[in-house]
Amino acid sequence: MNAALRGITSDTPQRTDTEAIGALLYAGLTQRWPYEDDAYGLSGLPKDIGLIAPDQVRAGVHRGLSELSMRALVNDGATASRHESACTTPEELVKAIGEMPRIRPPEPAFTAPPEYQRTTYQQGTYGRPAPHPGVTQPLPTPPPPLQSRTGKVLKWAVSALLIAALGLGSWQLADALMEQNNKSDETNKTQTTDDNDKSGDKTKPAKPLSIAGAQEYVASGDAQAPNDVQLTYDGDSSTYWRTKRYNEGPTLAPYKPGVGIVYDLGSAQKISTASIGLRYDGNNTTVKLYATDSLSPSTGIDGMTEIGTATTSAKSLTVKASKSAKTRYVLLWITAVPYAPSDGYSSSGYKQAVTDVTFKG
């Protein structure tokens, strides 16, 4: 909490968090600060005797919790525990918590209902036997005297500090606990998966979708390479469909809003991903997928349903569907291209070429 509020940094943040949790646990168990200096309204430990285990400072402290706080409080060469190694990260502290023996809470004792008897109601006397005449009833044992007001305030302050720190500041500990729980559930998950497999209730893996045909889509101006669109799904990565060369980039606008190809999947299919091989690497190749109504769409880009988008600087990228869409025709739309060197088709400039396209659903 101090680090978040005051901008405090640490060269070993995991170790610092773990020791801070140990100090709070120590304070909650003993009402003493586990160092020689007083802090937060708590008295420190006696001078020159080192770190004392909580169960040696205050009687009745649970030994397991005492050792847990000591394992987290490794400071100035102090012994972490009698037998166990130190906890230097939240993950190690979580593991130590998981190894502590579990104590089953006592089951409530069954109390038989009182026999029915006609009597008058008096608050606090339900279920008690009626007093016999002339017999003096024993006075209830008074509760133990309250501690001083200062002591009570101190106890609640330390408890509140411990709860707040664990709830707000120890996100690493919470992540580690969740990870441990996930690991402990793996067996159950495996069993559930096996049961689902036997019953036929399982998620089907994505399967490749066949491409029945394709056609270049021209939103404005001239086409790019309309006779080469079939080379993007011929199974040969050495062949490709290419764009023209542009002087400015990487965004194609204002020369063109984009360039691309409409693919015919043969029938309406649910699209999950599209894997696209590219000829040129470089900065910011951007590809969008749209669901449209035919190889020659009846609407512009604004009238189509966007399926997903992705950007890459490599020679391949995968576009994942951001929304569920079922369509027969898919437009692969390129809006930005990298700067590429000259080749047999054109001189250097902003351009791109598509070598392979695979849809899965």
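Keep in mind that this is a model prediction, so the values were computed, not measured.

Caption draft 1: Spotlight on the overall build of the protein. When helices and strands are counted, the protein shows 8 helices and 12 strands. Counted over contacts in the protein with a minimum sequence separation of 6, partners at least 24 positions apart contribute 68%. Accessible area of the protein: about 23,100 Å², with a carbon and sulfur share of 53%.

Caption draft 2: Focus on the sheet that holds strand β9 (residues 326-336). Strand order in the open sheet made by the 5 strands is β2-β4-β9-β6-β7, with antiparallel pairing throughout. Taken across any chain shown, the strands that pair with only one partner, and hence form the sheet edges, are β2 (213-217) and β7 (305-312). The average undirected angle you get between the axes of adjacent strands in this sheet is 25 degrees. In this sheet, strand β4 (residues 259-270) lies alongside β2 in antiparallel orientation, the contact comprising 5 bridges. Bridge pairing in β4 links E216 to I261.

Caption draft 3: Summary view of the confidence of the model for the protein. Per-residue pLDDT for the protein averages 79, and the proportion of residues at 70 or more is 69%. Here helix α8 (residues 186-199) is the element of the protein with the lowest mean pLDDT, 50, and β2 is the one with the highest, 97. Note on residues 119-128: pLDDT under 50 across the span, and 3 contacts to partners over four residues away in sequence or across chains. Scored below 50 in pLDDT, residues 142-148 shows 3 contacts in the model against residues more than four places distant or in partner chains.

Caption draft 4: Representation of the environment of P297 within the structure. One can find P297 in the loop between β6 (285-292) and β7. When its relative accessible area of 16% is taken as the criterion, P297 is described as buried. Sequence separation between P297 and Y217 is 80 residues, and the spatial gap between their C-alpha atoms is 8.3 Å. Ignoring anything within four residues of it in the chain, the contact list for P297 reads Y217, V262, T292 and M304.

Caption draft 5: Representation of the packing of helix α2 (residues 13-30) against helix α4 (residues 63-72). Remark: α2 packs on α4, axes separated minimally by 7 Å, with the N-to-C direction vectors making an angle of 145 degrees. In this structure, the crossing between α2 and α4 has a hand that is left-handed. Seen from α2, the contacting residues are R15, T18, E19, G22, L25, Y26 and L29; seen from α4, they are L65, S66, L68, S69, M70 and A72. Classifying every residue of the contact of α2 with α4 gives 7 nonpolar, 4 polar and 2 charged.

Caption draft 6: Spatial organisation of the nonpolar core. Core analysis: the biggest nonpolar cluster contains 32 residues, and W241, Y263, I276, L289, L332, I334 and F359 have the highest contact counts within it. Those elements that place two or more of their residues in this core are β4, β5 (273-278), β6, β7, β8 (316-320), β9 and β12 (353-360). It is β4 that contributes the most residues to this core, 4 residues altogether. With residues up to four places along the chain from it excluded, the contact list for I334 reads W241, L252, G258, V259, T286, V287 and V354.

Caption draft 7: Quick look at the side chain of D264. Secondary-structure assignment places D264 in strand β4. Non-local contacts of D264, meaning those with residues more than four positions away in its chain, are made with S210, I211, A212, G213, L295, R328 and Y329.

Caption draft 8: Region of interest: α4. Where burial is concerned, most of α4 is hidden: 7 out of the 10 residues are buried. Here α4 has its buried residues at S66, E67, L68, S69, M70, R71 and A72. Structurally, α4 contributes buried residues whose contacts are with α2, α3 (54-57) and α5 (90-99).

Caption draft 9: Main features of the pattern of salt bridges. Throughout the structure, instances matching the rule amount to 3 salt bridges. The partner of E67 in a salt bridge is R63, and the shortest N-O contact between them spans 3.5 Å. Pair noted here: E67 and R63 are both in helix α4, with a separation of 4 residues, about one helical turn. E67 gets classed as buried once you look at its relative accessible area, which sits at 17%. Note that D264 and R328 form a salt bridge whose closest N and O atoms lie 2.8 Å from each other. Linking D264 in strand β4 with R328 in strand β9, this pair joins segments that are 64 residues apart in sequence. Judged by its relative accessible area of 33%, R328 is partly exposed.

Rules used in this analysis
Residues numbered from 1 in each chain as written. Predicted model: local features only at pLDDT ≥ 70, side-chain atom pairs only at ≥ 80, totals over all residues. Heavy atoms only, no water. Helix = DSSP H or I, 4+ residues; strand = E, 2+ residues; numbered from the N terminus. Contact = heavy atoms within 4.5 Å. Areas by Shrake-Rupley, 256 points an atom, 1.4 Å probe, with all protein chains shown as cover. Pairing = 2+ DSSP bridges. Axes fitted to C-alpha atoms, helices over the stretch in contact; angles between N-to-C directions. pLDDT = per-residue confidence, 0-100. Buried < 20%, exposed > 50% of the residue type's maximum accessible area, 1.4 Å probe, protein only. Left-handed = near helix turned anticlockwise from the far one by under 90°. Nonpolar A, V, L, I, M, F, W, Y, C, P; charged D, E, K, R; others polar. Core = buried A, V, L, I, M, F, W, Y, C linked by side-chain atoms within 4.5 Å. Salt bridge = Lys/Arg side-chain N within 4 Å of Asp/Glu carboxyl O.

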